[in-house]
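Coordinates in review
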Amino acid sequence: MRGPTCFLLALSLSACGDTPTGATAGAGTPSAASSQVPQPQALSHDFGTIPHGEARQYDYVFDLASIAAPGRRYVPLRAHIDCSCGRTQVLIRNPEGYERVVDGRPDPTNAPEPGDTLLVRLFLDTKTKDAVDLKSAASRGYLLLQPVGDRDGSQRVTWPFLVQFAIDAPVVLRPFAELDFGRVPQSATPTITTTLRGDENHPDIEFGAVTCTSPDITATLEPEQDDFVLRARCRPGQLGNQAAVLQIATNLPGGYSVNLGVKWKVVPDLEAAPLPKLSFRADLGRAQTEAEAATQFLLVVDHDESRPPQFEVRQLVDDAGRDGSAWFAATLVTVPGSSRQQRLFVRSLGGHPADFRGRIVLGKPGAADGPTLSIELVAFHRP
Amino acid sequence: MTRIRPLPLAGLLFGLATCLCTLAQCGQPGEAAPSAGASLAAAQHPKPTPAGKEQGQEQEQEPNPTVVPERDQLKLLLSGTMSGRLEPCGCASGQLGGLARRMQYIGERRYHDVLLEGGDLVEGNSPLDLEKLFTAVTILANMQHPYDAMGIGEKDLELPYEQWVGYTAGAPFVASDLACDSPDWPGKPFVEKQVRGRAVRIASLTLALPEQYRGEDSRIHLLTPLAGYERAMQGADDDAWRILILQGTDVRARELVPTLQPAPHLVVCCDASYIEPTSRPEMVAGVPIVYPGTRGRILQECTLYRLPKGPRAALELVPLAGSLTVPGGGGDPDVKQVLLAHRNQVKEDGLLQKMARQLPTPNGAGYVGSETCKTCHITAFAAWQISKHSHAWETLQKAEADPKRYGWPVTAYPDCVGCHVVGYREQTGFVSFEETPQLAAVGCERCHGPASEHAMSGGKKRLGLHGGVQGSELCLQCHDYEQSPTFVYGERWPKIAHGLDK
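Residues numbered from 1 in each chain as written. Chains lettered and ligands numbered in written order. Predicted model: local features only at pLDDT ≥ 70, side-chain atom pairs only at ≥ 80, totals over all residues. Heavy atoms only, no water.

What to know about the overall build of chain B
Along its length, chain B carries 17 helices and 14 strands. When the 502 residues of chain B are sorted by exposure, 59% land in the buried category. Considering only contacts in chain B between residues 6 or more positions apart, those separated by 24 or more positions represent 70%. Accessible surface, chain B as shown: approximately 19800 Å² in total, 54% of it carbon and sulfur. (Helix = DSSP H or I, 4+ residues; strand = E, 2+ residues; numbered from the N terminus. Buried < 20%, exposed > 50% of the residue type's maximum accessible area, 1.4 Å probe, protein only. Contact = heavy atoms within 4.5 Å. Areas by Shrake-Rupley, 256 points an atom, 1.4 Å probe, with all protein chains shown as cover.)

Observations regarding the overall build of chain A
Tallying secondary structure elements over chain A gives 1 helix and 24 strands in all. Buried positions account for 50% of the 383 residues belonging to chain A.

Things to note about the sheet that holds strand β12 (residues 287-290) of chain B
Residue and element names in this part refer to chain B. If you trace the 6 strands from one edge of the open sheet to the other, you get β6-β7-β9-β10-β12-β11, paired in mixed fashion. If you trace the sheet from one side to the other, it starts and ends with β6 (191-195) and β11 (282-284), each paired once. Strand-to-strand twist across the sheet, computed as the mean angle between neighbouring axes with direction ignored, equals 25 degrees. Where strand β7 (residues 198-205) meets strand β9 (residues 241-247), 6 bridges bridge the pair, whose relative direction is parallel. Bridged to Ser204 within β9 is Ile245. Helix α6 (residues 225-233) contacts β7 and β9 of the sheet and is inclined by roughly 155 degrees relative to β7. (Pairing = 2+ DSSP bridges. Axes fitted to C-alpha atoms, helices over the stretch in contact; angles between N-to-C directions.)

Looking at the state of the cysteines
Residues and elements named next belong to chain B. This model, assessed by the stated rule, comprises 1 disulfide over all chains. Between the sulfur atoms of Cys419 and its disulfide partner Cys478 the distance amounts to 2.4 Å. One disulfide, between Cys419 and Cys478, carries an S-S torsion of -100 degrees and so falls in the left-handed class. Of this pair, Cys419 sits in the loop between α13 (414-417) and α14 (444-448) while Cys478 sits in the loop between α16 (471-476) and α17 (489-496), placing them 59 residues apart in sequence. (Disulfide = S-S within 2.5 Å.)

Some words on the sheet that holds strand β14 (residues 227-234) of chain A
Residues and elements named next belong to chain A. If you walk across this open sheet you meet the 4 strands as β9-β11-β14-β13, and the pairing is antiparallel. Of all the strands in the sheet, the pair left with one neighbour each is β9 (171-174) and β13 (217-224). Direction aside, neighbouring strands of the sheet carry axes that sit 25 degrees apart on average. Pairing of strand β11 (residues 191-198) with β14 involves 6 bridges; the strand directions are antiparallel. Paired with Leu196 across the strands is Phe228, a residue of β14.

Topic: the environment of B:Ala382
Here B:Ala382 shows up in helix α11 (residues 378-385). Between the alpha carbons of B:Ala382 and B:His498 there is a distance of 8.3 Å; along the sequence they are 116 residues apart.

What to know about the side chain of A:Asp318
Residues and elements named next belong to chain A. With respect to the helices, strands and loops of the structure, Asp318 is situated in strand β20 (residues 312-318). Take Asp318: its relative accessible area is 5%, and that puts it in the buried class. Within the structure, Asp318 has its side chain in polar contact with the backbone nitrogen of Ala320 (distance 2.9 Å). Beyond its immediate sequence surroundings of up to four residues, Asp318 is in contact with Phe356, Arg357, Gly358 and Arg359. (Polar contact = N/O pair within 3.5 Å; in protein donor to acceptor, adjacent residues only side chain to side chain.)

A look at α11(B)
Residues and elements named next belong to chain B. Residues of α11 that are buried include every one of Ala380, Phe381 and Trp384, and no others. Each buried residue of α11 sits inside an arc of 100 degrees when the element is viewed along its axis, so together they form one side. Seen from the open side of α11, the exposed residues pointing more than 90 degrees away from its buried face are Ile378 and Thr379. The inward-facing, buried residues of α11 abut α10 (370-374). (Arc of directions from axis to C-beta.)

What about the packing of aromatic side chains?
Each aromatic ring pair is described using two quantities: the centre-to-centre distance and the angle formed by the ring planes. Here the structure, examined in full by the defined rule, presents 18 aromatic pairs over all chains. With centroids separated by 4.8 Å and ring planes inclined at 85 degrees, the aromatic side chains of A:Tyr58 and A:Tyr60 adopt a geometry described as edge-to-face. Relative to B:Phe433, the ring of B:Trp393 has its centre 5.8 Å away and its plane inclined at 5 degrees; by these criteria the two rings are stacked. Of this pair, B:Trp393 sits in helix α12 (residues 392-401) while B:Phe433 sits in the loop between α13 and α14, and the two are 40 residues apart along the sequence. The exposure class of B:Trp393 is buried, given its relative accessible area of 6%. Over the face of the ring belonging to B:Trp241 we find B:Arg306, whose NZ or CZ atom lies 4.6 Å from the ring centre. One residue, B:Arg343, lies across the ring of B:Trp408, its end atom 3.8 Å from the ring centre. (Phe/Tyr/Trp six-rings, centres within 6.5 Å; stacked < 30°, edge-to-face > 60°. Lys NZ or Arg CZ within 6 Å of the ring centre and 35° of its normal.)

So, in structure tokens, the structure goes:
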């Protein structure tokens, strides 16, 4: 790195510290450092281009003698790297080559002794990134040091370092290198399609078996013109957020497989939005007008398109199981322009001058033993 | 400013649900962690790092979870101060974090016993911060996987009291060292839940109050840390897990922890200078202290073990990365809807305009626009015109128009606009594109400050850099580690270098 650039870079990085703009700096943060605090120049390393799927490691060596005034010792606290696939470890290596991990305490026993070497070991694992090319880019990092005897951390030194690398994925995935099915109702079996082919350096790549870490995702890979088409199908199982990794074997050396992250969220076919709960405040001693009850609704939907979209009210009961239909009217109205969605309105009919807790059970017309949707009903009596 | 704003319908329903629900505690104790089915990043993530070592001792091996009885293990998911980062702004690739990805991760895993959020959900006291607070509480406390405890930071308390209380009612906020006479005060001395037959008691120490609460007649009083901790642990089973969330610095934590009785089993220190969580706990007086970082970019998985020699913690970091090929992909779809509603609500409420021109300019002068600067600084203006800074507003407009990238009104969102215009929030600064088109884009005065007096004096009243800071510091106001992860001042400056004309 050349002079002025290096200076500006160091200035930039040291100014950045680990207290970003807008974030609150606690006492003893680098930004609170006084003008006597050294501002060392950045160390840098360029990994060049890393094939996707491979890991790399590099040791940055920090020469404390270059920043320390005579007699001053520094304790390394921690290191940070702004890169999602990078990890750092702070180490002290003694003259015999034994290394010990620094645990972050500003304790003099954690300061390197004369003859020791202070290292930040950087690990990069490209497997954690999508299998796509990444142009060469610099990521910033720093090592945080605290002088022995600095009781409040106000003399901490931020020593910047840079890592530059690019990632070369042997395959081109278009349009997706990760699959996100979003919300998947239990009755649905959505499919996502993406294409694969070798990049310019691997035009003859061959793809093998497609496997998935979840039985809920099945996939096929078929040649189509110059590409291979991957069709992934989701057959939802357990409710809630789900994730899996789809692996496609290749004939590349080292057993490289193309990994695609898959995410989806299984939701019930019968849903109430935003929550299966409706609560409101009203004078429950008298009947509400339609206008007064206009905001007392929630949306219900049946995602299963093999069934008609309509619901019917099966029950309106209190917590003790007593019929509440004399006190409340529950009506369903189809949402204009959205035939599968209906609004469930609840209106007080009066005669219940006390708080009410119960539930409304919806079912499908003509399907007495079919699925039901239970909605909690809470009405507060406010005369 | 004391009126609680009308909530949208969804908000009303969530809000009412919050009031009515007892605190639904989450976590499914005893359920095994899925061996597969993890996210791509997480599935290939290294094993948790070993616990920290005691002073003067050699590195300890990580406790073997198959040997330690399940009852003596506790799985926590920790996040530090959110600082208003509901989701990555999207202006750079590779940004980490966001509530949608976080809740997806929590939903996928299903094995956490305790979900803890540090505190300082917001980082200011603007109307936008209030909107963010409402959205964050909706997601963290009321949706599918509600948090067990959330600390209260000093910044949270800077919000207007009535609105803050209205938005946080029913959420599991803990403030053991804050006392308030008001019946609607949401800060509990502790929260407790049962995990595999053992109580988990969670305390939180805020340690400081903002200026408005420091007087004698303040409605909120700060107890000493020891009194606050004692209050939180009063009546707890001897056998209970004791977890302490601590707002404040690492230095403060190291001083305080040895004085706490009974000793906590874990201290979660929300020191904002730790922008990334630590991968190893620090042991102080036999207590593991962990630092969960800021902005929720990287989550901290913590397995706490109760061993004969004391508590030990094993940590694993989970960077919440997005996909390079699926815009907005990977997050919980329902949380994404709530976030989208938040963005639209900000636009509907006109917060961009409401928050404009609320602050004084640093040098007391007014903004005039780059065209005025051009009169004398012809060369510099020409250099600026061909730079990306001159197109900063168009960049925002294009991003907004591209549904694959955003799908929400970027040009109406104050956080985004602030970095793409001149003088937003300051007197005479940007209000809207229609009202102040001369200040749309990153013009001369964004870096050099308001130039009215400079122009009126024929240049005799000199300008420097806005706020009198270093050039590199100024750039980092927008090009920070999150919004411009590859920004290096020395490399970028030549791209906008414009010399001196006069």
